[in-house]
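The chain contents come next:
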Amino acid sequence: MKLLIVVLAAVAAVCLAEDAFGFGAVRAAKAGYAAIDQTRKKGQFMSKKSVTVNKVKFQNPTYTMMSVGGTPTPAFRTQIGKKVFFYPLSGTHSGMWLIYKANKSGGKKLVVEAQKFRVWYRRTCSIDSFTSVVKCGYCFKIFSLSGVLDYGTTASVTISSIKYDMQGYYKKYDVHSRRSMEGGAKGGRGGGGGGSAVMEGVVTKVTTGGESYPLFLALKGKYNDKIIVAARGKIRTIPQIKLDIYRRKYCSRGLYGSYRCRYCFILKSQAKSTFLPGPNILIGSEDGQKIYLNSPQYMPTDIKIENKVSKREAVRLIFSQGKNIAFCFYVLDGEEAGSVYMNVARRGWVKTQLGKTVVIYTRKVCDRKGDKKSCYVKLKTYKKAKAPGKTTSVTVGKAKLGKPVVALVKTPGWKESKVRSAVFAGSTYSGDEFNLMYAMDGGYAGTWYYVITRLQKTKEFTPAASKALYNYKYCKASWDGNVKCYWCFLVVNKNEKASSLPKGKTVTINGGSFMLPKNVKRQGGSYVRMLYSKGKVNKTLFVKLDGDTAAAGSWFVSNKQGRLAPFMVNYDAYYQKSCLTVNKKTECRRCFIIQQKPSLAFKPLLPAVSVTKNKIALSISDTKLHAVLSGSKTGGKAHKFKGCKSGKCAEFYYMATGPMSGKWFAGSSKTGIYMSSSLFSTTLWKHYECADGLAGVSCRYCFQF
């Protein structure tokens, strides 16, 4: 089992702290307490007391050991009404509410039956000072959670007098026999209209004119996003149904590594025209129809220039005039930089006059310095007449920039020995003159730096870290045939606002902005990369749209090692596949709708990195329990904390097992010397939190005082 770093929960009750992180308006959590006495000799003891939390009565609360998948697991056992529930306190099923139900064979099996409560616990012991009898027990704190347990089913929707009810998702469904083919079922015949009759999709009841029909929404293959009907051995679509269908898949974890997957949908009337993302640059008109260039996309392409085919750095644009659409390519490199080429039928690649109408600035961005795989390209497209003008003086981070020259610069100490950079010779900062560089390519793209030649060191220039440079290259041929190239630079804030991006490239929902979606491959899987901004948070996020685990529909961010890790974002991404045909070639892409998540009862705990008690900053980064006072009858296992004050740090241990449970000790694992400490409260609650990641289930301890 892979463990996340163990962290401290916020000082306030965690359920209350969650509200402050923007999960919507929810009621304050109510907590009930149930103390269970348990002597060391008697073992399990069932309390006859009960506790009521938010009008729900928990009877006979018990600490017990149970078997979950053959693994002995400590659990909180209680009775709600006539049902007996188990709440595992450790292991990958921690936090689930389990109940035994009868199966078809007459036996019983464990199943998940969600409840809107979270249980924290602590173990405590008392020693009779006269008789030395040790009594230990468990205390539980039950929090009532606001919000819904699940997304629920997609509500019925009526569009153009036709009502749609999404009734059930199937991984394998025979549209002819109208039955599921999962679980080893046999059958399924080919559709006479082409394509297999066994499909993944959703059974959909369609009602129109007072009559209802059991139809099927296919989610993959030939009939993707189409509502179909199967009759007389044939499969066909229905022309009267014209919908744009956006979907989102999500999976919830069950017992023993199983997952239950579902789809949510947004149904809209079909758009009457093909949506082309901006900027939409009007470049003229012909025969009464306006001509636009739009949908710029960085796309290195093989282009034939002067009878030679080579891969060129390029931005693809869509040339549109009425219903006519064509692709053209704006070249970024070489002596053709700034020119626009088009692959014309029967003529091949030709240079057009479009380069005189448009200017494209680019900048490379890297999420992790030195890692080329984390880099991508951002664009700014202008009509030439409205492109940024020239300026004679530019200040970045209080450094006045000198005249720029593009050159290959030696960078001692970096992973890349040479980096193509914009060199601002003669820049001044605090009265000193020096050469300030901005990396344009490679794994360090976007970094301001300078080189100390004497020490053979490359240093980052942090005063300019909040700024970035777009660059634009264009070339001109003189009367004698010589070609001269020029560079222009545009200074922007590194974290650009969504308002500066064109329509179709960004969307803002309740203060959160998502920008520039792009399909990418990461860690052997397919993701969509989006830039995310909310307040002071600026992240490059990755959303996984498909899969059969809880990763489906979830957001991820790259950690320092470049691995994807779950990231909490209070939004869902719905997508639709949109296709257009150009020169008899069909190209498809995804369009997105971003919606805020409903207020879910079970949200990931958002613990603090550290908490201060008695002016001592406590933190924890160790998941295992440490032996304290080993060899002694009062020894046990403890959680190890790091406490720092006035620049000095020490180790503190909170006993989790043994007769000293609930007590604090100060000491060192190296010396083996431990002393009782009264610096911190003995009332420390803990919860074993588990979440789904790409590599399986990750767990951690959370604490609250």
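Residues numbered from 1 in each chain as written. Predicted model: local features only at pLDDT ≥ 70, side-chain atom pairs only at ≥ 80, totals over all residues. Heavy atoms only, no water.

(A) Representation of the overall build of the chain. Of the regular secondary structure elements, the chain holds 1 helix and 55 strands. When burial is assessed residue by residue, the chain has 45% of its 705 residues classed as buried. Taking all contacts inside the chain whose residues are at least 6 apart in sequence as the whole, residues at least 24 apart take part in 49%. With the model as given, the accessible surface of the chain reaches about 37,400 Å², and the carbon-plus-sulfur share is 51%. (Helix = DSSP H or I, 4+ residues; strand = E, 2+ residues; numbered from the N terminus. Buried < 20%, exposed > 50% of the residue type's maximum accessible area, 1.4 Å probe, protein only. Contact = heavy atoms within 4.5 Å. Areas by Shrake-Rupley, 256 points an atom, 1.4 Å probe, with all protein chains shown as cover.)

(B) Representation of the sheet that holds strand β42 (residues 537–543) within the structure. Overall, antiparallel pairing links the 6 strands, which are arranged β39-β40-β41-β42-β43-β44 in an open sheet. Looking at the sheet topology across the chains shown, the edges are occupied by β39 (506–509) and β44 (564–566). The mean inter-strand angle of the sheet, taken between neighbouring strand axes irrespective of direction, is 40 degrees. Bridge count between β39 and strand β40 (residues 512–522): 4 bridges; the pairing is antiparallel. For Thr 506, the partnering residue across the bridge sits in β40 and is Met 515. (Pairing = 2+ DSSP bridges. Axes fitted to C-alpha atoms, helices over the stretch in contact; angles between N-to-C directions.)

(C) Representation of the sheet that holds strand β25 (residues 324–331) in the model. The strand order β20-β21-β24-β25-β26-β27 describes an open sheet built from 6 strands, whose pairing is antiparallel. This sheet does not close on itself; its edge strands, each paired only once, are β20 (281–286) and β27 (348–351). On average, each strand axis in the sheet is tilted by 30 degrees relative to the strand beside it, whichever way the strands run. The pairing of strand β24 (residues 314–321) with β25 spans 8 bridges and is classified as antiparallel. Looking at β25, one finds that Ala 314 is bridged to Val 331.

(D) Examining unusual backbone geometry more closely. Within the chain, Asn 60 stands out as a residue other than glycine whose phi angle is a positive 50 degrees. Residue placement: Asn 60 occurs in strand β4 (residues 56–68). The exposure class assigned to Asn 60 is partly exposed, which follows from its relative accessible area of 22%. Although it is not a glycine, Leu 629 adopts a positive phi angle of roughly 55 degrees. Leu 629 sits in the partly exposed class, given a relative accessible area of 22%.

(E) How the structure looks around a positive patch on the surface. Together, Lys 351, Lys 356, Lys 384, Lys 390 and Lys 476 make up a region of like positive charge exposed at the surface. Note on placement: Lys 390 falls in the loop between β29 (375–383) and β30 (395–396). We classify Lys 390 as exposed; its relative accessible area is 85%. (Patch = residues over 30% accessible without salt bridge, like charges linked within 9 Å, V, L, I, M, F, W, Y side chains within 5 Å. Salt bridge = Lys/Arg side-chain N within 4 Å of Asp/Glu carboxyl O. Lys, Arg positive; Asp, Glu negative; His and termini not counted. Charge placed at Lys NZ, Arg CZ, Asp CG, Glu CD.)

(F) Inspection of the pattern of salt bridges at higher detail. Per the counting criterion, the structure on display carries 19 salt bridges. For Lys 83, the salt bridge is made with Glu 113, and the minimal N-O distance between the two is 2.9 Å. Of this pair, Lys 83 sits in strand β6 (residues 83–88) while Glu 113 sits in the loop between β8 (108–112) and β9 (117–127), and the two are 30 residues apart along the sequence. Residue Lys 83 is classed as partly exposed on the basis of its relative accessible area of 39%. Accessibility expressed as a relative area gives 16% for Glu 113, which makes it buried. A salt bridge links Asp 572 to Arg 248; the shortest N-O distance between them is 3.0 Å. Pair noted here: Asp 572 is in strand β45 (residues 571–582) and Arg 248 is in strand β18 (residues 243–253), with a separation of 324 residues, a long-range link. Residues Asp 572 and Arg 248 agree in their burial class; the two are buried.

(G) Layout of the state of the cysteines. Within the structure shown, the criterion is met by 7 disulfides. Linked covalently through their sulfurs, Cys 251 and Cys 261 form a disulfide whose S-S length is 2.1 Å. Negative torsions about the S-S bond denote left-handed disulfides, and the value of about 105 degrees found for Cys 251 with Cys 261 makes this one right-handed. Highlighted residues: Cys 251 in strand β18 and Cys 261 in strand β19 (residues 259–269), separated in sequence by 10 residues. Per residue, the accessibility class of Cys 251 equals that of Cys 261, and both read buried. (Disulfide = S-S within 2.5 Å.)

(H) Geometry of the side chain of Asp 244. Relative to the helices and strands, Asp 244 resides in strand β18. An unpaired buried charge is present at Asp 244: no salt bridge exists, and Lys 268, the closest side chain of opposite charge, is 7.0 Å distant. There is a polar contact of 3.0 Å between the side chain of Asp 244 and the side chain of Gln 576. Residues contacting Asp 244, with those up to four places away along its chain left out, are Ile 266, Leu 267, Lys 268, Ser 269, Gln 270, Ala 271 and Gln 576. (Polar contact = N/O pair within 3.5 Å; in protein donor to acceptor, adjacent residues only side chain to side chain.)

(I) Looking closely at the nonpolar core. Of all hydrophobic cores here, the largest spans 37 residues; its most connected members are Phe 319, Cys 328, Tyr 330, Tyr 438 and Trp 448. Not counting the four nearest positions on each side in its chain, Cys 328 is found in contact with Leu 293, Val 315, Arg 316, Leu 317, Phe 319, Val 340, Tyr 341, Met 342 and Leu 354. Counting 35 residues, the second largest nonpolar core, distinct from the first, contains Ile 80, Val 111, Tyr 138 and Trp 664. (Core = buried A, V, L, I, M, F, W, Y, C linked by side-chain atoms within 4.5 Å.)

(J) Examining the environment of Val 628 more closely. By the secondary structure assignment, Val 628 is in strand β49 (residues 626–628). Residue class for Val 628 comes out buried when judged on its relative accessible area of 0%. The spatial distance from the C-alpha of Val 628 to the C-alpha of Gly 672 is 7.8 Å, given a sequence separation of 44 residues. Not counting residues within four places of it along the chain, the set of residues in contact with Val 628 comprises Gly 635, Gly 636, Ala 638, Tyr 653, Met 655 and Tyr 674.

(K) Main features of the pairing of strand β17 (residues 234–237). As paired strands, strand β16 (residues 226–231) and β17 are joined by 4 bridges and run antiparallel to one another. Directly across from Val 229, in β17, lies its bridge partner Arg 236. Where β16 folds back onto β17 in an antiparallel hairpin, the turn is made up of 2 residues, including Arg 232, whose phi is positive at roughly 55 degrees.

(L) Quick peek at the packing of aromatic side chains. Under the counting rule described, the total for this entry stands at 40 aromatic pairs. For the pair Tyr 138 and Phe 140, a centre-to-centre distance of 6.5 Å together with 20 degrees between the ring planes defines the contact as stacked. Among the residues examined, Phe 140 registers a relative accessible area of 0% and is labelled buried. An aromatic cluster of at least three residues, connected via ring pairs, comprises Phe 641, Phe 652, Tyr 654, Trp 664, Phe 680, Tyr 688, Tyr 701 and Phe 703. Just above the ring of Trp 685 sits the side chain of Arg 122; from NZ or CZ to the centre is 5.0 Å. Over the aromatic face of Tyr 575 sits the side chain of Arg 590, whose NZ or CZ is 5.5 Å from the ring centroid. (Phe/Tyr/Trp six-rings, centres within 6.5 Å; stacked < 30°, edge-to-face > 60°. Lys NZ or Arg CZ within 6 Å of the ring centre and 35° of its normal.)

(M) Structural context of the side chain of Lys 141. Turning to its location among the elements, Lys 141 is positioned in strand β10 (residues 134–144). For Lys 141, a relative accessible area of 7% puts it in the buried group. Separated by 2.8 Å, the side chains of Lys 141 and Gln 704 make a polar contact.

(N) Region of interest: the confidence of the model for the chain. Scored by pLDDT, the chain has a mean of 82; 89% of the residues are at 70 or more. Note that residues 1–31 has pLDDT below 50 and, in this model, 94 contacts with residues that lie over four places away or in other chains. When the criterion is pLDDT under 50, residues 185–195 qualifies, and its contacts beyond four places in sequence or with other chains add up to 32 contacts. (pLDDT = per-residue confidence, 0-100.)

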